[in-house]
Amino acid sequence: MYVEETVARLEARIRARFPDRRLGDAAHALRTAVPQIHDAFEASKVRRSRIRWVTRVTGVVIVLVAVIATALALRDPVFDGTESTVDWLPIVESTINDLVFTSIAVFFLWALPERLERRALLDLLHRLRSLAHVVDMHQLDKDPEQTRSDYERTTHSPTRPILDSEQLHQYLDYCSELVSLIAKTAALCAERTSDPVVLGTVSEIETLTAQMSQKIWQKISLLSPRG
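Every value quoted in this text rests on a predicted model; they were computed, and no experiment measured them.

(A) Representation of the overall build of the protein chain within the structure. Along its length, the protein chain carries five helices and zero strands. Start at the N end of the protein chain and walk to the C end: the helices and strands fall as α-α-α-α-α. A total of 227 residues make up the protein chain; the buried ones form 35% of that total. The long-range share in the protein chain, meaning contacts at least 24 apart out of those at least 6 apart in sequence, stands at 77%. Surface exposure of the protein chain reaches about 13900 Å², of which carbon and sulfur atoms provide 60%.

(B) A look at the packing of aromatic side chains. Evaluated as defined, the whole model comprises two aromatic pairs. Seen from their ring centres, Phe18 and Tyr171 are 5.3 Å apart, and the 80 degrees between their planes marks the pair as edge-to-face. Here Phe18, found in the loop between helix H1 (2-17) and helix H2 (23-80), pairs with Tyr171, found in helix H4 (residues 165-191); they are 153 residues apart in sequence, far enough to count as distant. You can call Phe18 buried: its relative accessible area is 4%. Seen from their ring centres, Phe18 and Tyr174 are 6.1 Å apart, and the 85 degrees between their planes marks the pair as edge-to-face. On the criterion of sequence distance, the pair formed by Phe18 in the loop between H1 and H2 and Tyr174 in helix H4 is long-range, its members being 156 residues apart. Given a relative accessible area of 3%, Tyr174 falls into the buried group.

(C) Just a nonpolar patch on the surface, in detail. On the surface, Trp53, Val54, Val57, Val61 and Val65 cluster together into a nonpolar patch covering about 480 Å² of accessible area. If you trace the backbone, Val65 turns up in helix H2.

(D) Layout of the pattern of salt bridges. Taken as a whole, this structure holds seven salt bridges when the rule is applied. Across the salt bridge formed by Glu11 and Arg15, the nearest N and O atoms sit 3.1 Å from each other. Note that Glu11 and Arg15 are positioned in helix H1 at a spacing of four residues, about one turn of the helix. Judged by its relative accessible area of 34%, Arg15 is partly exposed. The residue Arg13 makes a salt bridge to Glu177 at a minimum N-O spacing of 3.0 Å. In this pair, Arg13 is assigned in helix H1 and Glu177 in helix H4, connecting sequence segments 164 residues apart. Using a relative accessible area of 37% as the deciding quantity, one classes Arg13 as partly exposed.

(E) Examining the packing of H1 against H4 more closely. Between H1 and H4, the least distance of the axes is 11 Å, while the angle of their chain directions is 160 degrees. In terms of their interaxial angle, H1 and H4 are classed as roughly antiparallel. The hand of the H1/H4 crossing is left-handed. Where H1 approaches H4, its residues Val3, Thr6, Val7, Leu10, Arg13, Ile14 and Arg17 are matched on the opposing element by Gln170, Tyr174, Glu177, Leu178, Leu181, Thr185 and Leu188. Here the contact of H1 with H4 is composed, by residue class, of eight nonpolar, three polar and three charged.

(F) Quick look at the packing of H4 against helix H5 (residues 196-221). Running from amino to carboxyl end, H4 crosses H5 at an angle of 170 degrees, the nearest separation of the two axes being 9 Å. In terms of their interaxial angle, H4 and H5 are classed as roughly antiparallel. Contacts between H4 and H5 involve His169, Leu172, Asp173, Cys175, Ser176, Val179, Ile182, Ala183, Ala186, Ala187, Cys189 and Ala190 on the former and, on the latter, Val198, Leu199, Val202, Ile205, Glu206, Thr209, Met212, Ser213, Ile216, Trp217, Lys219 and Ile220. Looking at side-chain class alone, the contact of H4 with H5 contains 17 nonpolar, four polar and three charged residues.

So, how was this worked out
Residues numbered from 1 in each chain as written. Predicted model: local features only at pLDDT ≥ 70, side-chain atom pairs only at ≥ 80, totals over all residues. Heavy atoms only, no water. Helix = DSSP H or I, 4+ residues; strand = E, 2+ residues; numbered from the N terminus. Buried < 20%, exposed > 50% of the residue type's maximum accessible area, 1.4 Å probe, protein only. Contact = heavy atoms within 4.5 Å. Areas by Shrake-Rupley, 256 points an atom, 1.4 Å probe, with all protein chains shown as cover. Phe/Tyr/Trp six-rings, centres within 6.5 Å; stacked < 30°, edge-to-face > 60°. Patch = residues over 30% accessible without salt bridge, like charges linked within 9 Å, V, L, I, M, F, W, Y side chains within 5 Å. Salt bridge = Lys/Arg side-chain N within 4 Å of Asp/Glu carboxyl O. Axes fitted to C-alpha atoms, helices over the stretch in contact; angles between N-to-C directions. Parallel < 35°, antiparallel > 145°, perpendicular 65-115°, else oblique. Left-handed = near helix turned anticlockwise from the far one by under 90°. Nonpolar A, V, L, I, M, F, W, Y, C, P; charged D, E, K, R; others polar.

Okay, structure coming up:
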């Protein structure tokens, strides 16, 4: 897959330039998530087909049982008659209750395969959202002011070696690429489903990563021009 290959190349670039930084681990986590989405789709397709067949058969059985039970309940009043019209009230009430509960059961079974697919996709999207926040944490303490010649550490400054302007530019650029690829990976979930909840979650992740990328590029714009 093109997205997986792109993420793999980005991971290799990050590890080559920043081998002692954990940003490469975030890229690796994203690289492993891409094939999992593909595999989840394939497994979900087979599972959904089996579950749909079972739920459809079960739904038909429930409807047939409800029809037979209703017919048996109405047989005597229809053929033998009742003493008064009032006697029909409990029969009608029972019939309506049976129809309502049958409809609820059939509706639940009919929607079950799609609900299972939705849960699987939302779990994957939740991982991607969490990964986006991990990348955001990596760039959070990368402040452009650290590249100034008059910058002085405090007791609460990051303990890792400070990156120079060129390194910081590369690091932030990698973070921007990562959050962009997270959005592309989330979009893969939208290609094979029309579930509004899944599509809404994908849209939220795309908005989140766009905001993160904008914040990162604001930092990059404050760096000294690259020579």
